[in-house]
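Summary of structural features
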Amino acid sequence: MLILLPPSEGKTPAAKGPSINWDSLSFPELNPYRAKVLEALGTVSAHEDALALLGVGASLRNDVERNTRLHAEPAAPAHQVYSGVLYDALGYSTMTPTQRRKADESVLVVSALWGAIGFGDHVPAYRLSMGTALPDVGRLASYWKPQLNAALASRTEGELLVDCRSSTYAAAWAPPASRTVNVNVFNEADGKRTVVSHFAKHTRGELARHLLTRRGKAPATPEQLLKAAGEMWTAELVEGTARKPHALNIILSS
C-alpha cells in the first residue's frame, strides 16, 4: 500500500541544519527536472511582481523571498516541513517508531517543486503551487506528468494506491486506475450529501493515520481498504473502470 498526499500550502521552515542533499532524495532521476523548476522559481520570486506571478498575497512575502535562496536554506524531513489540517490529523510526531518507519515507507508526496518525494526526504520550506506556470517550464502539472509517469512506475508496481491528493495535484500524475482508490469525503444531512473541503483534508489525514497505525496487514485491494475505513467511518466503495480509479467515499454525518 502506498498513500499519495498533496503538500500543504503552508510549510514550517527548519530552524537550522544542513541544506538540501539532492542525492538523498527519493527518485533521484527527477533531480534535473527539480533543478529546472527551482531555478525558474528563484527567478520569478526575485521579480518585483513575484507575489502576483505566484498567485499569493502580501502576507506571504517572506515565504516568496525564501524561494530565492532555497539552495542554502536548512532542510528538514517532509513530514516536518509540511503542516496544516491534513498533516496535523495524520500526526506523524505522535506515532511510535515502528509506525513512523511504516509512514516513511508508505507515504509519497506529489510536489510542485520536487515532483514526488518520500515522507522522510529532507527539503527546505518553499512556496509554490502545482497550478502555477513558470517561465521556461510552463504549467507545472503538465511539466511533471511525463516525468512522474516514468519515475513512479517501478515504485508503485503491484501496490494499492490510496490517493488523498487534491485535484490540483492529481493532475500531475494519473496512476494505474485498477490499483488506485481516490478518497472522497462527504457530509450527509437530511439525506443530502455535500462536499466538505476543510473536513475532507482533515478526514484524509485521519484515514492516512488509521491505515499507518492500525494492527494487521495493510490493505492490498480496494475491498480491503473499504473494510479498514469502515472500522472508523461510514464508507462505501465505488468500483472503477479500466480508465477510472475506484473511489472510497467517507460519509460524515452532521
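Here, every reference points to the structure presented above.
Since we're looking at a predicted model, the values are computed, not measured.

Three or more residues of helix 6 (residues 97-106) are buried, namely Gln99, Ala103 and Ser106. Buried residues along helix 6 cover an arc of 80 degrees about the axis, so they all sit on one side. Seen from the buried face of helix 6, the exposed residues on the opposite side, beyond 90 degrees, are Pro97, Thr98 and Glu105. Buried residues in helix 6 make contact with strand 1 (2-5), strand 3 (107-111) and helix 9 (197-213).

To continue, consider the pattern of salt bridges. Per the counting criterion, the structure on display carries 10 salt bridges. Here arginine 193 and glutamate 188 are joined by a salt bridge, their closest N and O atoms 3.0 Å apart. Three or more residues joined by partner-sharing salt bridges are found here, namely Asp63, Glu65, Arg66, Arg69, Glu73 and Arg127.

Moving on, we get to the pairing of strand 4 (residues 115-118). Both strand 3 and strand 4 contribute to a ladder of four bridges, which runs antiparallel. Bridging from a neighbouring strand, valine 110 pairs with alanine 116 of strand 4. The antiparallel pairing of strand 3 with strand 4 creates a hairpin that spans three residues between the two strands.

With their axes 9 Å apart at the nearest point, helix 6 and helix 9 run at an angle of 115 degrees to one another. Judged by the sense of rotation from one axis to the other, the crossing of helix 6 with helix 9 is right-handed. Contacts from Gln99, Lys102, Ala103 and Ser106 in helix 6 reach Leu211, Leu212 and Thr213 in helix 9. For the contact of helix 6 with helix 9, the class distribution of residues is three nonpolar, three polar and one charged.

Structurally, glutamate 188 is set in strand 9 (residues 180-189). Here glutamate 188 falls in the partly exposed class, since its relative accessible area comes to 28%. In this structure the C-alpha to C-alpha distance between glutamate 188 and serine 253, which are 65 residues apart in sequence, comes to 5.0 Å. With residues up to four places along the chain from it excluded, the contact list for glutamate 188 reads Arg193, Ile251, Leu252, Ser253 and Ser254. Side-chain polar atoms of glutamate 188 contact the side chain of arginine 193, separated by 3.0 Å.

Okay, the packing of helix 1 (residues 31-45) against helix 7 (residues 140-156) next. Contact pair helix 1 / helix 7: the axes reach a minimum separation of 11 Å and the direction vectors enclose 170 degrees. The pairing of helix 1 with helix 7 is recorded here as roughly antiparallel in orientation. For the element pair helix 1 and helix 7, the recorded crossing hand is right-handed. Contacts between helix 1 and helix 7 pair Tyr33, Arg34, Lys36 and Val37 from the former with Leu140, Tyr143, Trp144 and Gln147 from the latter. Looking at the contact of helix 1 with helix 7 residue by residue, the classes come out as five nonpolar, one polar and two charged.

The bulk of non-glycine residues show a negative phi, and the bulk of peptide bonds are trans. Of note, phenylalanine 27 is a non-glycine position whose phi angle comes to about 55 degrees, a positive value. Position of phenylalanine 27 relative to the elements: it lies in the loop between strand 1 and helix 1. In this structure, aspartate 136 is a non-glycine residue whose phi angle is positive, near 65 degrees. Its place among the elements puts aspartate 136 in the loop between strand 6 (133-134) and strand 7 (138-139). Since its relative accessible area comes to 73%, aspartate 136 is described here as exposed.

Our focus in this paragraph is the pairing of strand 3. Burial analysis of strand 3 places five of its five residues in the buried class, which makes it a mostly covered element. Covered by surrounding structure in strand 3 are Val107, Val109 and Ser111 together with Leu108 and Val110, the residues of both alternating faces. Here three bridges tie strand 1 to strand 3, and the two strands are oriented parallel to one another. Bridged to isoleucine 3 within strand 3 is valine 107.

Conventions adopted
- Residues numbered from 1 in each chain as written.
- Predicted model: local features only at pLDDT ≥ 70, side-chain atom pairs only at ≥ 80, totals over all residues.
- Heavy atoms only, no water.
- Buried < 20%, exposed > 50% of the residue type's maximum accessible area, 1.4 Å probe, protein only.
- Helix = DSSP H or I, 4+ residues; strand = E, 2+ residues; numbered from the N terminus.
- Arc of directions from axis to C-beta.
- Contact = heavy atoms within 4.5 Å.
- Salt bridge = Lys/Arg side-chain N within 4 Å of Asp/Glu carboxyl O.
- Pairing = 2+ DSSP bridges.
- Axes fitted to C-alpha atoms, helices over the stretch in contact; angles between N-to-C directions.
- Left-handed = near helix turned anticlockwise from the far one by under 90°.
- Nonpolar A, V, L, I, M, F, W, Y, C, P; charged D, E, K, R; others polar.
- Polar contact = N/O pair within 3.5 Å; in protein donor to acceptor, adjacent residues only side chain to side chain.
- Parallel < 35°, antiparallel > 145°, perpendicular 65-115°, else oblique.

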